[in-house]
Amino acid sequence: GAVVSQHPSWVICKSGTSVKIECRSLDFQATTMFWYRQFPKQSLMLMATSNEGSKATYEQGVEKDKFLINHASLTLSTLTVTSAHPEDSSFYICSARDRLAGGRDTDTQYFGPGTRLTVL
Amino acid sequence: LAKTTQPISMDSYEGQEVNITCSHNNIATNDYITWYQQFPSQGPRFIIQGYKTKVTNEVASLFIPADRKSSTLSLPRVSLSDTAVYYCLVGYRGGFQKLVFGTGTRLLVSP
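As the structure is a prediction and not an experimental result, all values here were calculated from the model. (Residues numbered from 1 in each chain as written. Chains lettered and ligands numbered in written order. Predicted model: local features only at pLDDT ≥ 70, side-chain atom pairs only at ≥ 80, totals over all residues. Heavy atoms only, no water.)

This model, assessed by the stated rule, comprises two disulfides over all chains. Each disulfide pairs two cysteine sulfurs, and for A:Cys23 the partner residue is A:Cys94, the sulfurs being separated by 2.0 Å. On the sign convention where negative means left-handed, the S-S torsion of about 80° between A:Cys23 and A:Cys94 marks this disulfide as right-handed. With A:Cys23 in strand S3 (residues 19-25) and A:Cys94 in strand S9 (residues 90-97), this residue pair connects regions lying 71 residues apart in the sequence. Given the relative accessible area of 0%, A:Cys23 is considered buried. For A:Cys94, a relative accessible area of 0% puts it in the buried group. Each disulfide pairs two cysteine sulfurs, and for B:Cys22 the partner residue is B:Cys88, the sulfurs being separated by 2.2 Å. Handedness of the B:Cys22-B:Cys88 disulfide follows from its S-S torsion of about -80°: it is left-handed. Highlighted residues: B:Cys22 in strand S2 (residues 18-23) and B:Cys88 in strand S8 (residues 84-92), separated in sequence by 66 residues. Each member of the pair, B:Cys22 as well as B:Cys88, carries the same accessibility label: buried. (Disulfide = S-S within 2.5 Å. Helix = DSSP H or I, 4+ residues; strand = E, 2+ residues; numbered from the N terminus. Buried < 20%, exposed > 50% of the residue type's maximum accessible area, 1.4 Å probe, protein only.)

Given below as structure tokens:
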């Protein structure tokens, strides 16, 4: 099946620094990727929709200047947490949708393994 | 986007069949029903997807009544490794629609 990877799998940084998280679709092309955040014992919360070659669409309440998203190719989207603070500590998960999935029996989003961010 | 309602938690024992029901009263004509499984500190994993009646794969079965206002994920003979959170989502399959996760059902399988 389709595989989505994330890098790094975990990161610890100091308050005020910026952290970049990569999301890659390994064996398929994804014009659209999604970024989620998940706090302990809670559900996934959609942060933004990443569109290849265009600006990301952010959900209400998500600061676009703080969470920078770049989707420069059909297999890579990056999320940069700028000036990170302890409250940004969370589990960040991306998902990707196969752009050629239309017409296939299973048309679904494939999720990455997640990135654990800890801001000290 | 259709809202889903699931039990917060369920308990079971190894070897039993587990049925998790999801309500989605406002499901649209083009919406599909998809179930994901998530283990701690991992991304969700696709389990099964369906539109109506019954769908079965090597992992689970999905039962959808004619009115499609609910669906039931059936896990046959669960094991300890099936302890996880299960999410039911509805959405339009044909486009690149964003998925909105509900609370999910936390399944605990005991020996």
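Resuming the write-up.
It is worth spelling out the packing of aromatic side chains at this point. Residue and element names in this part refer to chain B. Taken as a whole and judged by the stated rule, the model has ten aromatic pairs over all chains. Summarising the aromatic geometry, the rings of tyrosine 36 and phenylalanine 46 are spaced 6.1 Å apart at their centres and angled 80° between planes, so their arrangement reads as edge-to-face. With tyrosine 36 in strand S3 (residues 31-38) and phenylalanine 46 in strand S4 (residues 45-50), this pair connects stretches of sequence that are ten residues apart. Residue tyrosine 36 is classed as buried on the basis of its relative accessible area, which comes to 1%. Assessed through its relative accessible area of 24%, phenylalanine 46 is described here as partly exposed. (Phe/Tyr/Trp six-rings, centres within 6.5 Å; stacked < 30°, edge-to-face > 60°.)

As a further point, take the nonpolar core. In terms of nonpolar packing, the biggest core is built from 24 residues, with A:Trp35, A:Phe67, A:Leu79, A:Tyr92 and A:Leu117 touching the most fellow members. Secondary-structure elements contributing two or more residues to this core are strand S2 (10-13), S3, strand S4 (32-38), strand S5 (45-51), strand S7 (67-73), strand S8 (76-81), S9 and strand S11 (115-119) of chain A. Within the second largest apolar cluster, 20 residues are counted, among which are B:Ile20, B:Leu62, B:Leu75 and B:Val78. (Core = buried A, V, L, I, M, F, W, Y, C linked by side-chain atoms within 4.5 Å.)

All names here are of chain A. With respect to topology, four strands assemble into an open sheet ordered S1-S3-S8-S7, the strand pairing being antiparallel. Among the strands making up the open sheet, the edge pair consists of strand S1 (4-7) and S7. In this sheet, adjacent strand axes meet at a mean angle of 15° when their direction is disregarded. The sheet contact formed by S1 and S3 spans four bridges and is antiparallel. Paired with histidine 7 across the bridge in S3 is glutamate 22. (Pairing = 2+ DSSP bridges. Axes fitted to C-alpha atoms, helices over the stretch in contact; angles between N-to-C directions.)

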